[in-house]
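Each chain, letter by letter, is given below.
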Amino acid sequence: MTTASAPGKIILFGEHAVVYGRPAIAVPVTQVRATVTLSDSTDGRTWIEAPGIGLAAALDELPAANPLAAVIRSTIEAVGAIPNPLPPFAGADREGSGAKIRIDSTIPVASGLGSGAAVSVALARALSAQLGKPLDDEQVNLIAYEAENLHHGTPSGIDNTVITYARPVYFVKGAPIESLTVAVPFTVVIGDTGLPAPTKESVGDLRRLWESDRPRWEAVFDEVGEIVAQARTAIEHGSVTRIGELMNANHALLQEMSVSSRELDRLVSAARAAGAAGAKLSGGGRGGNMIALVEPELAQRVSSALSDEGARRTIISEVSS
Ligand code: PMV
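A quick note: this is a predicted structure, and the numbers were derived from the prediction, not measured. (Residues numbered from 1 in each chain as written. Predicted model: local features only at pLDDT ≥ 70, side-chain atom pairs only at ≥ 80, totals over all residues. Heavy atoms only, no water.)

Asker: Got a minute to help me understand the layout of surface pockets in this structure?
Answerer: If you roll a probe as big as a water molecule over the atoms, it shows you where there is empty space left. By volume, the largest pocket amounts to about 900 Å³. Along its surface, the largest pocket is lined by 46 residues, and Ala 110, Ser 115, Gly 116, His 151 and His 152 are the ones closest to its centre. Every element with two or more residues in the lining of the largest pocket is listed here: β1 (2–13), α1 (67–79), β5 (99–105), α2 (115–130), α3 (137–152), α4 (158–165) and α5 (199–212). In terms of residues, the lining of the largest pocket owes the most to one element, α2, which gives five residues. When the residues that make up the lining of the largest pocket are grouped by side-chain class, the tally is 21 nonpolar, 19 polar and six charged. Of the voids in this model, the second largest pocket is the one considered here, and its volume is about 230 Å³. Around the second largest pocket, the lining comprises 15 residues; the ones closest to its centre are Asn 141, Asn 160, Thr 161, Phe 171 and Ala 175. When contributions to the lining of the second largest pocket are tallied by element, the ones reaching two or more residues are α3 and α4. Of the residues in the lining of the second largest pocket, the class split is seven nonpolar, six polar and two charged. (1 Å grid on protein atoms, 1.4 Å probe; cavity = no way out; pocket = protein on both sides within 12 Å on 5 of 7 lines; lining within 4 Å. Points joined across faces, edges and corners; volume = space filled by probe spheres on them. Helix = DSSP H or I, 4+ residues; strand = E, 2+ residues; numbered from the N terminus. Nonpolar A, V, L, I, M, F, W, Y, C, P; charged D, E, K, R; others polar.)

What follows is the structure, given as C-alpha cells:
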C-alpha cells in the first residue's frame, strides 16, 4: 500500500491577472489535504474511488480527458518503465494485476482551495512511488499542470505550483518558481461562501471582457501587478498593516473585473467590520472562498463574524515560510 498527500492552497494576491502574465502570490493551506492511497486490486482492473465526489469507476471506463485518468497516464509515461503491476488502461492489455486508487480529500471542490491540483499532485506521487520510481517535484508539477488544463482550459499554473512545492510562492506564468520569505508569520481567516464556482467560467467571462477592450483590462492587470510587487515587499518585511491595505486594493480591482459576487462582498465587509486588517476574494471568484488578514487574537472574532454572515465554513491558517 502506498499513500501520498498534498495540501490545499489559497491565492493571497493576483488571481486572474496572473493568467495575463502578471505575478501572483499563493500559499499552502495545510489544514486541508487530499490523500491518495494505492493498494492492489484482485480482479486485474484498476479502480478509482473518490467518495467525496461520488466517484467509483474502473479506470478503463473513464474518458481519456478525465483529469484523474490523465494524471495516471502521464505518471506511468514519466516513470518510463513497464511497471508491474501495470494498471490496465482503455485499449491496453488487461493482463496487469491492477490497483485500487482511493482518493480522500478534505479540500472543498470548486471553491478556490486547489482541490483538483492537490489530488493530481498526491496521485502522481503515490503512483510513481508505487511503481518504484518516485517523481521529483518538477515532474509532478508538470503532470498536475496538464491535468489543470483539463479542469480549467487556460490555467496559469499557480495552483499546481504552490501545491507541489508546498511553500509560499511568488508566481509568474512560465517563469521559474520563486519562493517567498515571510518575515513575520501572519494569520488569515478563510471564509467559504458555500457556492461552488467553476474557475473556468469566471476566467472565460473575464477573457471576453478583455477581448472587447484590451487596453482597459491590460491597465487593470498592470495595477494588480503593482499591488502584487508591493505585497511581496510587505511580506518580506513583515508589514502586516500594509499587506491588509493591499488586499483591500486587490479586492476592489477584482470587483471591477466582475469576478466578485454579493456573497463574497458581504463576507469581505463582515471581516473588515470585525477588525480584519484587509480582506479579499481568493481564487476564481463568484463563489468559493475569501480571505481576511487578522491579528491572531482577532481570528476567532472574525471567523464568527463570517459564520454569522453566512459563511459555510471557516479555516484559520498561519502563513509562514
Ligand atoms: O479558483 P482557483 O483558486 O483555482 O484559482 C484560479 C486562479 C485564477 O487566476 C483565477 C486562474 C488561474 O489559472 O490562475
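From this point, the discussion proceeds with the structure in view.
Asker: Could you clarify how one ought to interpret the site of the ligand in this entry?
Answerer: The environment of the ligand is made up of 16 residues, and the closest members are Lys 9, His 16, Ser 156, Asp 159 and Thr 199. Here Gly 112 contributes a backbone N or O atom positioned 3.2 Å from an oxygen atom of the ligand. With respect to the ligand, the backbone of Gly 284 contributes an N or O atom lying 2.9 Å from an oxygen atom. The cavity that encloses the ligand is the largest pocket. Breaking the shell around the ligand down by element, the ones donating at least two residues are β1, α4 and α5. The residue inventory of the shell around the ligand, partitioned by class, reads six nonpolar, seven polar and three charged. (Near = heavy atom within 4 Å. Polar contact = N/O pair within 3.5 Å; in protein donor to acceptor, adjacent residues only side chain to side chain. Sits in = over half its atoms within 2 Å of the grid points.)

Asker: For this particular structure, what's the right way to read the nonpolar core?
Answerer: Generally speaking, a soluble globular protein has its nonpolar side chains buried in company with each other. Membership of the largest hydrophobic core comes to 102 residues, with the highest contact counts inside it found for Leu 12, Phe 13, Phe 186 and Met 257. Here Phe 13 is in contact with Ala 24, Ile 25, Ile 227, Val 228, Ala 231, Ile 235, Ile 243, Leu 246, Met 247, Asn 250 and Lys 280, once residues within four sequence places are set aside. (Core = buried A, V, L, I, M, F, W, Y, C linked by side-chain atoms within 4.5 Å. Buried < 20%, exposed > 50% of the residue type's maximum accessible area, 1.4 Å probe, protein only. Contact = heavy atoms within 4.5 Å.)

Asker: Please explain the sheet that holds strand β9 (residues 278–282) as it appears in this structure.
Answerer: Hydrogen bonds between backbone groups are what pair the strands of a sheet, and the pairing can be parallel or antiparallel. In spatial order, the strands read β9-β10-β8-β11; together these four strands make up an open sheet with antiparallel pairing. Two strands close off the open sheet at either side, each with one partner strand: β9 and β11 (313–319). Shown here is a sheet whose adjacent strand axes are inclined to one another by a mean of 25°, direction ignored. In terms of strand pairing, strand β8 (residues 186–192) meets strand β10 (residues 289–294) through six bridges, oriented antiparallel. Residue pairing for β10: Ile 190 is matched across the bridge by Ile 291. Packed on one face of the sheet, helix α7 (residues 240–256) meets β8, β9 and β10 and runs near 45° to β9. (Pairing = 2+ DSSP bridges. Axes fitted to C-alpha atoms, helices over the stretch in contact; angles between N-to-C directions.)

Asker: Where do I start with the pattern of salt bridges in this structure?
Answerer: One side chain can pair with another of opposite charge once the charged atoms of both are near each other. Taken as a whole and judged by the stated rule, the model has 17 salt bridges. In this structure, the salt-bridge partner of Glu 218 is Arg 22, at a minimum N-O distance of 2.6 Å. Residue Glu 218 is located in helix α6 (residues 214–237), and its partner Arg 22 is located in the loop between β1 and β2 (24–40); the two are separated by 196 residues in the primary sequence. On the basis of relative accessible area, Glu 218 is assigned to the partly exposed category, the value being 25%. Across the salt bridge formed by Arg 102 and Asp 104, the nearest N and O atoms sit 2.9 Å from each other. Arg 102 gets classed as partly exposed once you look at its relative accessible area, which sits at 34%. One connected set of salt bridges, linked through shared partners, spans Arg 22, Glu 218 and Asp 222. (Salt bridge = Lys/Arg side-chain N within 4 Å of Asp/Glu carboxyl O.)

Asker: Just checking my understanding: could you explain the pairing of β2 for this structure?
Answerer: Along any regular strand the residues' side chains alternate between the sheet's two faces. Note that β1 and β2 share eleven bridges and pair antiparallel. Note on β2: the bridge partner recorded for Pro 7 is Arg 33. The pairing of β2 with strand β6 (residues 169–171) spans three bridges and is classified as antiparallel. Paired with Ile 25 across the strands is Tyr 170, a residue of β6. Taken together, the seven bridges between β2 and β5 define a ladder with antiparallel strand orientation. Among the inter-strand pairings, Val 36 is bridged to a residue of β5, identified as Ile 103.

Asker: I tried to follow the packing of α2 against α3 on my own but got confused; where do I start?
Answerer: In a pair of packed helices, the angle between the axes and the distance between the axes together describe the arrangement. The N-to-C vectors of α2 and α3 enclose an angle of 135°; their axes lie 9 Å apart at closest approach. The orientation of α2 with respect to α3, classified from their angle, is oblique. Here α2 runs over α3; the crossing is right-handed. Residue-level inspection shows Gly 116, Ala 117, Ser 120, Val 121, Ala 124 and Arg 125 of α2 in contact with α3, the latter providing Asp 137, Val 140, Ile 143, Ala 144, Ala 147, Glu 148 and His 151. (Parallel < 35°, antiparallel > 145°, perpendicular 65-115°, else oblique. Left-handed = near helix turned anticlockwise from the far one by under 90°.)

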